[in-house]
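Here are the chains, one letter per residue:
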Amino acid sequence: MKEFKKTDPEFYQIITDFVYDEACKGKLLDKTERYMCILAGLMGVQGKSMFRLTIEKALEDDIDPIIIKEVIYQATAYLGIGRTYDYLMAANEVFKEKHIALPLQSQGTTDQDTRLQAGIDKQCELFGDHMRNVLPSSSPLRKTINTWLADNCFGDYYTRKGLTNAQREMITFCYIASQGGCEPQLKAHTPANFKNQNFFF
């Protein structure tokens, strides 16, 4: 944004007044949550340049690099590695520029032997015990998809440290909403957000 201060001073003032002042006055989100939602939304709309600038601003505001990385990792289950790869590379470049040593401390809690069951347990924790019956009752094709959902989306990502259940559901809602055309997924994740006291949705 700083380059606009010279080339487009009026635009710069409008944007900074809104983004860093007016939009923050509602106090519905704390500083960390606000950055998490902005980063998640920027990934959903594919705003790579603004994403990089926002990481720089987040680090200046003392947002934990682990939180930034977890927002990117979590997005892979919803946006795909074809989209998140560029954001991970951008984050790594900024971290190196800021002399943040990589890799960051590991946040993983599962392995190939435990990820499926841990993912099912996490689904039940977020959406209810009925999720435990999803795999046994699935058709062959759906069973493959539902297995990937349990072991990859929830077993590999949701079980990681670094973010709470509430934070992961909050940013998941942002990924899905900002992509557009994913209303059934939004509907599915709305109850989990309320269950985790994300009442601002």
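Structural data are supplied above this passage.
Residues numbered from 1 in each chain as written. Predicted model: local features only at pLDDT ≥ 70, side-chain atom pairs only at ≥ 80, totals over all residues. Heavy atoms only, no water.

Q: What is the right way to look at the packing of aromatic side chains in this model?
A: Two numbers describe a pair of aromatic rings. These are the distance of the centres and the angle of the planes. Going through the model one piece at a time under the given rule, you end up with five aromatic pairs. On the basis of an interplanar angle of 85° and a centroid distance of 4.9 Å, the ring pair of Phe51 and Tyr87 is categorised as edge-to-face. One end of the pair, Phe51, is in helix 4 (residues 48-60); the other, Tyr87, is in helix 6 (residues 81-97), with 36 residues separating them in the sequence. An identical accessibility class is assigned to Phe51 and Tyr87; each is buried. Ring geometry for Phe127 against Phe154: centres 5.9 Å apart, planes inclined by 85°, an arrangement best described as edge-to-face. (Phe/Tyr/Trp six-rings, centres within 6.5 Å; stacked < 30°, edge-to-face > 60°. Helix = DSSP H or I, 4+ residues; strand = E, 2+ residues; numbered from the N terminus. Buried < 20%, exposed > 50% of the residue type's maximum accessible area, 1.4 Å probe, protein only.)

Q: Just checking my understanding: could you explain the environment of Asn198 for this structure?
A: Here Asn198 shows up in the segment after helix 10 (183-195). Taking relative accessible area as the criterion, Asn198 reaches 5% and is therefore assigned buried. For the pair Asn198 and Leu28, spaced 170 residues apart in sequence, the C-alpha separation works out to 9.7 Å. In contact with Asn198, other than residues within four places in its own chain, are Ala166, Glu169, Met170 and Asn193. Separated by 2.9 Å, the side chain of Asn198 and the backbone oxygen of Ala166 make a polar contact. At a separation of 2.8 Å, a polar atom in the side chain of Asn198 contacts the side chain of Asn193. (Contact = heavy atoms within 4.5 Å. Polar contact = N/O pair within 3.5 Å; in protein donor to acceptor, adjacent residues only side chain to side chain.)

Q: Where do I start with the layout of surface pockets in this structure?
A: Empty space among the atoms becomes apparent when a probe as large as a water molecule is rolled across them. Of the pockets and cavities examined, the largest pocket occupies roughly 470 Å³. Lining the largest pocket we find 23 residues, and of these Gln123, Leu149, Phe154, Gln185 and His189 sit closest to its centre. Those elements that provide at least two residues to the lining of the largest pocket are helix 5 (65-79), helix 7 (115-127), helix 8 (140-158) and helix 10. Ranked by residue count, the leading element in the lining of the largest pocket is helix 8, at nine residues. Classifying every residue of the lining of the largest pocket by side-chain character gives 17 nonpolar, five polar and one charged. (1 Å grid on protein atoms, 1.4 Å probe; cavity = no way out; pocket = protein on both sides within 12 Å on 5 of 7 lines; lining within 4 Å. Points joined across faces, edges and corners; volume = space filled by probe spheres on them. Nonpolar A, V, L, I, M, F, W, Y, C, P; charged D, E, K, R; others polar.)

Q: What's the story with helix 3 (residues 31-44) in this structure? I'm lost.
A: Given 3.6 residues per helical turn, the α-helix brings residues three or four places apart onto the same face. With 14 residues, helix 3 should reach 20 Å at 1.5 Å per residue; the first-to-last C-alpha distance of 20 Å fits that figure. Among the residues making up helix 3, those that are buried are Tyr35, Met36, Cys37, Leu39, Ala40, Gly41, Leu42, Met43 and Gly44. Taken together, the buried residues of helix 3 touch helix 4, helix 5, helix 6 and helix 9 (165-179). You can read the cap of helix 3 off the contacts: a side-chain oxygen lies 3.1 Å from the backbone nitrogen of Thr32, and it is on Asp30. (Expected span 1.5 Å × (residues − 1).)

Q: What is the right way to read the nonpolar core from this model?
A: One recurring pattern in soluble globular proteins: nonpolar side chains tend to sit buried together. Counting residues in hydrophobic clusters, the biggest one holds 36 residues, and the most contacted among them are Met43, Phe51, Ile55, Ile68, Val71, Ile171 and Tyr175. Going through the elements one at a time, helix 3, helix 4, helix 5, helix 6, helix 8 and helix 9 are the ones with two or more residues in this core. Non-local contacts of Ile171, meaning those with residues more than four positions away in its chain, are made with Met36, Cys37, Ala40, Val71, Gln74 and Leu163. In this structure, Ile120, Cys124, Met131 and Ala150 belong to the second largest nonpolar core, which totals five residues. (Core = buried A, V, L, I, M, F, W, Y, C linked by side-chain atoms within 4.5 Å.)

That's the geometry; what it means functionally is another story.
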